[in-house]
Amino acid sequence: MGGDLGPAEVVEAAKLALAEYPGLSPLILVGDEAQLRPLLAQAGLTGHPAVTLCHASEVITMDDNPLHAIRRKKDSSMMRAIDLVKNGEATAAVSCGNTGSLVAAGILKLRTLDGLDRAALAPVLPCSDGYFVLIDAGANPEARPEHLVHNAIIGSHYARLELGCAEPRVGLLTIGTEEGKGNSLTAETHEALKRVGSLVNYVGPIEGFQLFFDHVDVVVCDGFVGNICLKSWESLAKFFAGILRDELHANPLRWVGAALARGAFDALRRRTNPERYGGAPLLGLKGNLVKTHGSSTRQSWKNAIRVANVAIQSDLNRRIEVDVARANELIHQPVAG
């Protein structure tokens, strides 16, 4: 209910997802029934055996204080959706609402996996020869070295699942690749990552200009840095798309050139389109949550539902818990000498 484009876009996404991903049942739409029932009728989903409704009378807005919202709007669509996961009535929830509220409610209601005390957002971004996982993209602006080691483990498992990487290359985002560069957090995390050995295929620190050139499959950082990276990339993509559009329409000769190069432009748009993966999972919880952008279209929503479905079908959380437990032992072992 909290998306910029309204619930109609979500209902249309549900229709697309049901057609493309067999086995989604039930697909529960959480929100104001008075608004949703006419939209279901328009989409031809009234009476669909895989679609059910869960009424929620309130909406958490982007302007709401996250902690106040989860305390005062218990009948909001976001809270009801997370409750469904908590109670076992659903195995994943997808939301485009207030990120702070989603993270706080997810941790409060679902709790973190054993051995973890933080969750992390893990969007997939494009690079020169494929895609990479950025973790954390904003769930926790402040972090300790062990949290970033956990992010490396979580991100590695997600990259295997979503990107098909057998041994994901993990890089720590900092301001230089030389030993000693960066702040105390990156320096201590660098040493900790070296100590966990084969649990993480750590290839070392990476700098910002390396992000989009296929140096690593997982980029590890705290949520403050990661959120700036994510939003800067989204803004930059829109900036260059606007410049390119303006320049190609500057005169008739360029129009002809643009028409001839249309295939290349379409390919570029597909590669850099954030809707390709749709949502960023909030990983590290005893339940599956996927966060989509507030302005998500039906295609973005459909792909976010796919991400949730992939998480449901895998044994991701159990594998994360096993590796995190071992990492915690290695991190806290006394250093010889």
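About the criteria used
Residues numbered from 1 in each chain as written. Predicted model: local features only at pLDDT ≥ 70, side-chain atom pairs only at ≥ 80, totals over all residues. Heavy atoms only, no water. Helix = DSSP H or I, 4+ residues; strand = E, 2+ residues; numbered from the N terminus. Rg over C-alpha atoms; globule rule 2.2 N^0.38 Å. Buried < 20%, exposed > 50% of the residue type's maximum accessible area, 1.4 Å probe, protein only. Contact = heavy atoms within 4.5 Å. Areas by Shrake-Rupley, 256 points an atom, 1.4 Å probe, with all protein chains shown as cover. Lys, Arg positive; Asp, Glu negative; His and termini not counted. Charge placed at Lys NZ, Arg CZ, Asp CG, Glu CD. Disulfide = S-S within 2.5 Å. Pairing = 2+ DSSP bridges. Axes fitted to C-alpha atoms, helices over the stretch in contact; angles between N-to-C directions. Parallel < 35°, antiparallel > 145°, perpendicular 65-115°, else oblique. Left-handed = near helix turned anticlockwise from the far one by under 90°. Nonpolar A, V, L, I, M, F, W, Y, C, P; charged D, E, K, R; others polar. Phe/Tyr/Trp six-rings, centres within 6.5 Å; stacked < 30°, edge-to-face > 60°. Core = buried A, V, L, I, M, F, W, Y, C linked by side-chain atoms within 4.5 Å.

Draft legend 1. Quick peek at the overall build of the chain. If you tally the helices and strands in the chain, you get 12 helices and 11 strands. For the chain, whose C-alpha radius of gyration is 21 Å, the value lies close to the compact-globule estimate of 20 Å for 337 residues. Overall, the C-alpha framework of the chain stretches about 70 × 60 × 35 Å when taken along its three principal axes. Residues classed as buried in the chain amount to 48% of the 337 residues present. Considering only contacts in the chain between residues 6 or more positions apart, those separated by 24 or more positions represent 72%. Carbon and sulfur atoms make up 55% of the accessible area of the chain, which totals about 16,400 Å². Put simply, the chain has 34 plus and 37 minus side-chain charges, and the middle of one group is 3 Å from the middle of the other.

Draft legend 2. Quick look at the state of the cysteines. Taken as a whole and assessed by the stated rule, the structure comprises 0 disulfides. No disulfide involves Cys127; its sulfur sits 9.4 Å from that of Cys165, the nearest cysteine. Assessed through its relative accessible area of 16%, Cys165 is described here as buried.

Draft legend 3. Spotlight on the sheet that holds strand β4 (residues 120-121). Across the sheet, which stays open at both edges, the 4 strands sit in the order β3-β11-β10-β4 with mixed pairing between neighbours. Each edge of the sheet is formed by a strand with only one pairing partner; in this case those strands are β3 (92-95) and β4. Pairing geometry for β4 and strand β10 (residues 279-283), over 2 bridges, is antiparallel. Among the inter-strand pairings, Ala120 is bridged to a residue of β10, identified as Leu283.

Draft legend 4. Highlighting the packing of helix α1 (residues 7-20) against helix α11 (residues 298-313). It is the contact of α1 with α11, at a shortest axis distance of 8 Å, that shows an interaxial angle of 50°. In terms of axis orientation, α1 runs oblique to α11. The hand of the α1/α11 crossing is right-handed. Here Glu9, Val10, Glu12, Ala13, Leu16, Ala17 and Glu20 of α1 come into contact with α11, specifically with Arg298, Gln299, Trp301, Lys302 and Ile305. Along the lines of polarity and charge, the residues of the contact of α1 with α11 split into 6 nonpolar, 1 polar and 5 charged.

Draft legend 5. Local environment of the packing of aromatic side chains. Under the counting rule described, the total for this entry stands at 1 aromatic pair. Between Phe132 and Phe212, the ring centres sit 5.7 Å apart and the planes meet at 65°, which makes this aromatic pair edge-to-face. In this pair, Phe132 sits in strand β6 (residues 130-135) while Phe212 sits in the loop between β8 (202-206) and β9 (218-220), placing the two residues 80 residues apart along the sequence. Assessed through its relative accessible area of 0%, Phe132 is described here as buried.

Draft legend 6. A look at the nonpolar core. Counting residues in hydrophobic clusters, the biggest one holds 39 residues, and the most contacted among them are Ile82, Leu134, Val219, Leu282 and Leu289. With 6 residues, helix α4 (residues 77-86) is the single largest residue contributor to this core. In this structure, Leu134 is in contact with Leu121, Ala122, Pro123, Leu125, Val219, Cys221, Gly226, Cys229 and Leu230, ignoring residues within four places of it in sequence.

Draft legend 7. The arrangement of unusual backbone geometry in detail. Put simply, Ser25 and Pro26 share a cis peptide bond, and its omega is 0°. The omega torsion across Ile135 and Asp136 is 15°, close enough to zero to call that bond cis. With a phi close to 70°, Arg111 is a non-glycine residue in the positive phi region. Tracing the sequence through the fold places Arg111 in the loop between α5 (99-110) and β4.

Remember, this is a structural readout, not a statement about activity or role.
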